[in-house]
Amino acid sequence: MPDTIEPGTVWLVGAGPGDPDLLTRKAEKLITAANIVFYDALVGKGVLEIIPQHVERVSVGKRSGRHSKDQKSINDLLLSAARSGKRVVRLKGGDPAIFARTSEEIEHLSLQGVPVRICPGITAASAAVASAGASLTLRGSARKLTFVTAHLSAEDCNATDWAALADPASTLVIYMGKAAAKDAADELMQAGLNRNTPALIVENASLPNERKVRTRLDLLAIATSASVTDGPAVLIIGEAVRPLPPSLSTAYDTAKTAAVT
Ligand code: SAH
């Protein structure tokens, strides 16, 4: 696989959940080969430290409700960098294929004849369950996995149909879901999902300020507002995140400590 970038090409690169050790080797090679790196607000500080000094870096930070460049301006910045013959890396938190407006950037650049390539990254849901010692699927009882975002774009007036997602044999991961936690939980329960269904909230997954809270569906909203601060968080609902029995969970914690020290 190439670890250089053709001049005039844009690479959309997954930066993972924040911990620079969760960056792929390919992403690191691409960052090093770039002339210019555009990055989102969710790209970890440790990842930004990997960008060599001589590489130009441009923040196009987007966090909902905060000042940021709009998508059209980002598309235009990428286009003009590519047209001037630069080797362009567009770093996106997590995986570029998940709630990252990748299709819009590809479309805009491709229509203008700019080659675009993608390097995948570790998505927040994967990092969140890894930190909690859990899985997203569970043989026999969670054979389906749904990633949903509760965040509506300005053009999108269709509210999330939570009732359609109430499936006890599925794991539901809600991205950008802090504000919607109450509506989501209420509507899932009204649609028949058991109030005791296990839930896991992970804020700043993989980072030193990570917080994990295990709860259940009927307490999801209160647990979210009580525990989540201003970092990015995923809410995960389903049997797959049921806590391990105490004896096994102690063994997991011990193994984890041993592995990183
Ligand atoms: N492309 C990203 C998702 C971008 S949407 C990915 O694949 O992870 C932004 C949302 O992702 C945040 O609101 C939050 O729900 C989630 N997220 C991103 N980084 C996170 C992290 N380190 N910990 C928990 N959630 C995170």
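The shown structure was predicted, so the numbers you read here are calculated from the model rather than taken from an experiment.

Trainee: Looking at this structure, I do not really get the overall build of the protein. What am I missing?
Mentor: In terms of regular secondary structure, the protein is built from eight helices and 10 strands. Taking 261 residues into account, the globule formula puts the C-alpha radius of gyration at 18 Å, and the protein, at 20 Å, falls close to it. By principal-axis analysis of the C-alpha atoms, the protein measures approximately 55 × 50 × 35 Å. Put simply, of all contacts in the protein between residues at least 6 apart along the chain, 70% involve residues at least 24 apart.

Trainee: Explanation requested: helix α6 (residues 181–190) in the structure shown.
Mentor: Spacing of three or four residues puts side chains on the same side of an α-helix, whose turn is 3.6 residues. Among all positions in α6, only A181, A184, A185 and L188 are buried. Buried residues in α6, looked at end-on, bunch into an arc of 95 degrees, giving them a common side. Contact partners of the buried residues in α6: β7 (170–175), α7 (220–227) and β10 (233–237). Directly beyond the C-terminal end of α6, a positive phi value near 110 degrees is found at G192.

Trainee: Please clarify how the packing of helix α3 (residues 71–83) against helix α4 (residues 102–111) should be interpreted in this entry.
Mentor: Each packed pair of helices is defined by two parameters, the angle between the axes and the distance between the axes. It is at 10 Å that the axes of α3 and α4 come closest, and there the two elements cross at 45 degrees. Here α3 is positioned oblique relative to α4, judged by the angle of their axes. For the crossing formed where α3 meets α4, the hand is right-handed. Between α3, through Q71, I74, N75, D76, L78 and L79, and α4, the contact on the second element is made entirely by E104, E105, H108 and L109. When its residues are assigned to classes, the contact of α3 with α4 shows four nonpolar, three polar and three charged.

Trainee: Mind showing me how you'd approach the site of the ligand here?
Mentor: Residues in contact with the ligand amount to 17 residues; listed here are only the nearest, I98, T123, M176, A205 and A233. In this structure, an oxygen atom belonging to the ligand sits 2.6 Å away from a side-chain N or O atom of T123. The separation between an oxygen atom of the ligand and a polar main-chain atom of A233 is 2.7 Å. For the ligand, the accessible surface in isolation is 540 Å², of which the surrounding protein chains cover 93%.

Criteria and thresholds
- Residues numbered from 1 in each chain as written.
- Predicted model: local features only at pLDDT ≥ 70, side-chain atom pairs only at ≥ 80, totals over all residues.
- Heavy atoms only, no water.
- Helix = DSSP H or I, 4+ residues; strand = E, 2+ residues; numbered from the N terminus.
- Rg over C-alpha atoms; globule rule 2.2 N^0.38 Å.
- Contact = heavy atoms within 4.5 Å.
- Buried < 20%, exposed > 50% of the residue type's maximum accessible area, 1.4 Å probe, protein only.
- Arc of directions from axis to C-beta.
- Axes fitted to C-alpha atoms, helices over the stretch in contact; angles between N-to-C directions.
- Parallel < 35°, antiparallel > 145°, perpendicular 65-115°, else oblique.
- Left-handed = near helix turned anticlockwise from the far one by under 90°.
- Nonpolar A, V, L, I, M, F, W, Y, C, P; charged D, E, K, R; others polar.
- Near = heavy atom within 4 Å.
- Polar contact = N/O pair within 3.5 Å; in protein donor to acceptor, adjacent residues only side chain to side chain.
- Areas by Shrake-Rupley, 256 points an atom, 1.4 Å probe, with all protein chains shown as cover.

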